[in-house]
Amino acid sequence: MKKTIRTLVFTTLAISLFIGCSSDESSTSSDSSSTDDTTNQGDDNDDDDDDDDTVTELHAAFEAFNTEATTIYLDGSKVVIETTGLPDHETVYWGEGNELYREESDVATTPSIMSSNNNAVTITVDATPDLTGNTVDTELNTIGIAVSGASIFNDQEGGGALDQAAASLDWTGAHIGPGVYHYHLEPVAFTDDDDSLAGILLDGVFLYGRKCFSTGTYPTDLDASGGHTTATQYTDGAEEYHYHIINEIYSTTGSYLAFAGPFQGY
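From a predicted model like this one, the values you see are computed outputs, not experimental measurements.

1. What to know about the packing of aromatic side chains
Tallied over the full model, the rule gives nine aromatic pairs. Seen from their ring centres, Y181 and Y183 are 5.7 Å apart, and the 75° between their planes marks the pair as edge-to-face. With relative accessibility at 0%, the residue Y181 sits in the buried group. Ring pairing ties together the aromatic residues Y93, Y181, Y183 and F190, which thus form one cluster. The ring centre of W171 lies 4.0 Å from the NZ or CZ of R102, which sits over that ring. Here the basic side chain of R210 rests over the ring of Y256, its NZ or CZ set 3.7 Å away from the ring centre.

Now the structure itself:
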């Protein structure tokens with residue numbers, strides 16, 4: 001009798017353990033399936049978000065850029081601008097012997113000329129500028145690319161005011177040094193007291209000349225960065241935030257700063 005009871009106990013325990021293990025495996029399998037489904041759904045959502053952010057067509061304003069110097073293309077929600085930095089206009093900084101050399105005896109030229117200098121720059125900007133964040137101050141070096149393909153700098157030179165280097169600026173407000181050939185002042189080679197496109201800045205916002213396309217006059221509603229929202233010659237009647245070269249003579253240069261900042265589109 002004791003032997004029979006002992007056998008029943010062992011049999012009952014074995015059955016219980018088998019059921020428990022089967023239940024755990026079923027639960028683990030179910031949890032794993034649930035986790036896989038959730039992960040896949042998350043990946044699908046991420047892909048959808050990427051698709052939503054992807055821009056499929058370059059802004060019409062990029063048609064104004066010098067194609068000999070620049071290569072411009074979309075990368076998702078970004079625009080990549082690669083440039084040789086070599087402008088398509090005359091300047092003393094091309095050096096004698098170049099077909100674009102322009103004699104400028106009143107310019108205290110820096111030692112470099114185009115042929116002995118690496119002017120290449122690549123920038124990546126938002127295809128759709130974010131105007132909801134904080135303003136950001138400009139820094140030294142390239143703050144944008146002009147339609148000529150050359151760089152745009154701010155109102156500083158080597159950490160000091162631009163005045164100290166103004167004598168080296170050519171007829172279109174640019175020079176070499178330090179670094180690449182770049183504009184500090186209104187680049188009159190392609191925007192001279194008008195509404196022409198000057199270039200694009202690092203925050204993805206376009207920079208135009210001193211006049212407004214919508215009114216044909218100097219804008220009076222500019223913010224601290226020289227920006228406002230109106231239609232331009234590239235927006236087909238739609239209003240768009242953009243910068244203007246501010247119509248105020250800078251210091252003793254007799255010209256106008258290209259852009260001092262701050263950026264509004266970061």
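Next, the rest of the story.
2. Focus: the pairing of strand β12 (residues 227-231)
Within β12, four of the five residues are buried, leaving the element largely enclosed by the surrounding structure. When β12 meets strand β13 (residues 239-244), the two strands line up antiparallel, connected through five bridges. Residue pairing in the sheet places G227 in a bridge with Y243 of β13.

3. What to know about the layout of surface pockets
Its volume calculated, the largest pocket comes out at about 230 Å³. Secondary-structure elements contributing two or more residues to the lining of the largest pocket are β3 (121-126) and β13. Residues belonging to the lining of the largest pocket are distributed by class as follows: 13 nonpolar, three polar and three charged. Empty space within the second largest pocket amounts to approximately 180 Å³. Contributing to the lining of the second largest pocket are 13 residues, with I246, E248, L257, F259 and A260 lying nearest its centre. Of the residues that constitute the lining of the second largest pocket, the class distribution is nine nonpolar, three polar and one charged.

4. Observations concerning the sheet that holds strand β9 (residues 181-183)
By definition, the strands of a sheet pair up through backbone hydrogen bonds, in either a parallel or an antiparallel sense. Within the open sheet, the eight strands sit side by side as β8-β9-β5-β4-β10-β11-β13-β12. Their pairing is mixed. Each edge of the open sheet is held by one strand with a lone partner, namely β8 (174-176) and β12. Note: strand β5 (residues 151-152) against β9, two bridges, orientation parallel. Bridging across to β9, I152 finds its partner in Y183.

5. Overview of the nonpolar core
Within the largest apolar cluster, 42 residues are counted, with the highest numbers of intra-cluster contacts made by F62, F65, I81, Y181, F206, L207 and Y243. Going through the elements one at a time, β2 (78-83), β3, β4 (144-146), β8, β9, β10 (197-201), β11 (206-208) and β13 are the ones with two or more residues in this core. The dominant element in this core, judged by the number of residues it contributes, is β10, at four residues. Discounting chain neighbours no more than four positions away, the residues touching I81 are F62, T71, I72, V121, T122, I123, I145 and I200. If you look at the next biggest cluster of nonpolar residues, it comprises five residues, including L162, L185, Y250 and L257.

6. A few points about the pattern of salt bridges
Taken as a whole, this structure holds three salt bridges when the rule is applied. Two residues, D126 and K78, come together in a salt bridge whose shortest N-O distance is 2.4 Å. Residue D126 is found in strand β3, and its partner K78 is found in strand β2; the two are separated by 48 residues along the sequence. Between D193 and R210 there is a salt bridge whose closest N-O contact spans 3.4 Å. Note that D193 is positioned in the loop between β9 and β10 and R210 in the loop between β11 and β12, a separation of 17 residues in sequence. Judged by relative accessible area, R210 falls into the buried class, the value being 5%. Each of E186, D193 and R210 takes part in one network of salt bridges that share partners.

Conventions adopted
- All chains use their own residue numbering, which begins from 1 and follows the written sequence.
- Under the rules for a predicted model, residues below a pLDDT of 70 receive no local features and side-chain atom pairs below 80 are neither given nor counted, while totals for whole chains, interfaces and linings still include all residues.
- Side-chain measures were taken over the full set of non-hydrogen atoms in the model, leaving aside hydrogen atoms and water.
- To pair, rings of Phe, Tyr and Trp, with the six-membered ring standing in for Trp, must have centres within 6.5 Å; the planes then decide the type, stacked if under 30 degrees apart, edge-to-face if over 60, and tilted in the middle.
- Using a 1.4 Å probe on the protein chains alone, a residue whose accessible area is under 20% of its type maximum counts as buried, one over 50% counts as exposed, and one in between counts as partly exposed.
- Consider the ring centre and the ring normal. A charge sits over the ring if Lys NZ or Arg CZ is within 6 Å of that centre and within 35 degrees of that normal.
- Elements are defined by DSSP. Helices are runs of H or I of four residues or more, strands are runs of E of two residues or more, and each kind is numbered from the N terminus.
- Any two strands with at least two DSSP-identified bridges between them are counted as paired.
- Grid spacing is 1 Å over the protein atoms alone, the probe is 1.4 Å, and a cavity is where that probe fits but cannot get out, while a pocket is an open set with protein on both sides within 12 Å along at least five of seven lines and lining residues have an atom within 4 Å of a point.
- Grid points are joined across faces, edges and corners, and a volume is the space filled by probe spheres set on the points.
- Residue polarity follows a fixed list, in which Ala, Val, Leu, Ile, Met, Phe, Trp, Tyr, Cys and Pro are nonpolar, Asp, Glu, Lys and Arg are charged, and the others, Gly among them, are polar.
- To form a nonpolar core, buried Ala, Val, Leu, Ile, Met, Phe, Trp, Tyr and Cys residues must be joined to one another through side-chain atoms within 4.5 Å.
- The contact definition used throughout considers only heavy atoms, calling two residues in contact when any of these lie within 4.5 Å.
- Any carboxyl oxygen of Asp or Glu that lies within 4 Å of a side-chain nitrogen of Lys or Arg is treated as forming a salt bridge with it.

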